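Descriptive structure summary
Next come the chains, spelled out residue by residue.
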Amino acid sequence: QVRLQESGPGLVKPSQTLSLTCTVSGDSLATRYYYYSWLRRPAGKGLEWMGAIDHKGGTYYNASLRSRASISRDTYKNQFSLQLSSVTPEDTADYVCARGGPYYSDSEFQKVPHAKEIEYNYWGQGTQVTVSS
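Now for a look at the structure at hand. (Residues numbered from 1 in each chain as written. Predicted model: local features only at pLDDT ≥ 70, side-chain atom pairs only at ≥ 80, totals over all residues. Heavy atoms only, no water.)

The next point concerns the sheet that holds strand β1 (residues 3-7). The 4 strands are arranged β1-β3-β8-β7 in an open sheet whose pairing can be described as antiparallel. On the outer flanks of this sheet lie β1 and β7 (69-74), each paired with one strand and no other. When strand polarity is set aside, the average angle formed by the axes of neighbouring strands in this sheet is 20°. (Pairing = 2+ DSSP bridges. Helix = DSSP H or I, 4+ residues; strand = E, 2+ residues; numbered from the N terminus. Axes fitted to C-alpha atoms, helices over the stretch in contact; angles between N-to-C directions.)

Okay, here's the thing in structure tokens:
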């Protein structure tokens, strides 16, 4: 059974960097062809895909967040992390990590509608992050 668990501060001040970690158990981040993503859902809005990291450590980002988002991983701890810089109150949302795939090529992954829940087979519980002074 694959489990994902988000952790990080629930409150971040505007202009600071939001940092979240997803701890994975029951699978390795290096398992071929699976992609681990960060998504978020602001209150009353739809799911937004933020970015992903693949089994080789390659990263992919939503174009609208590319300048502010960074995803990395620690294979020894089997964790992957999200950093989102220069946050504003508009970044207030429920943040969740999820596993999608398998996708057998980068091109296949690129064609996937990343904001569709059906594309993911395992989810974390989500963590609420509020951006406020």
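Structurally, D27 can be placed in the loop between β3 (18-25) and β4 (35-41). In this structure the side chain of D27 is engaged in a polar contact, spanning 2.7 Å, whose partner is the side chain of T31. Excluding residues within four positions of it along the chain, D27 makes contact with V2, Y36, N78 and R99. (Polar contact = N/O pair within 3.5 Å; in protein donor to acceptor, adjacent residues only side chain to side chain. Contact = heavy atoms within 4.5 Å.)

This part covers unusual backbone geometry. With an omega of 10°, the peptide bond between G101 and P102 qualifies as cis. Secondary-structure assignment places P102 in the loop between β9 (93-100) and α1 (106-110). We note that Y33 has phi near 75°; this positive angle belongs to a residue other than glycine. With respect to the secondary-structure elements, Y33 resides in the loop between β3 and β4. The backbone of N78 sits at a positive phi, close to 55°, despite the residue not being glycine.

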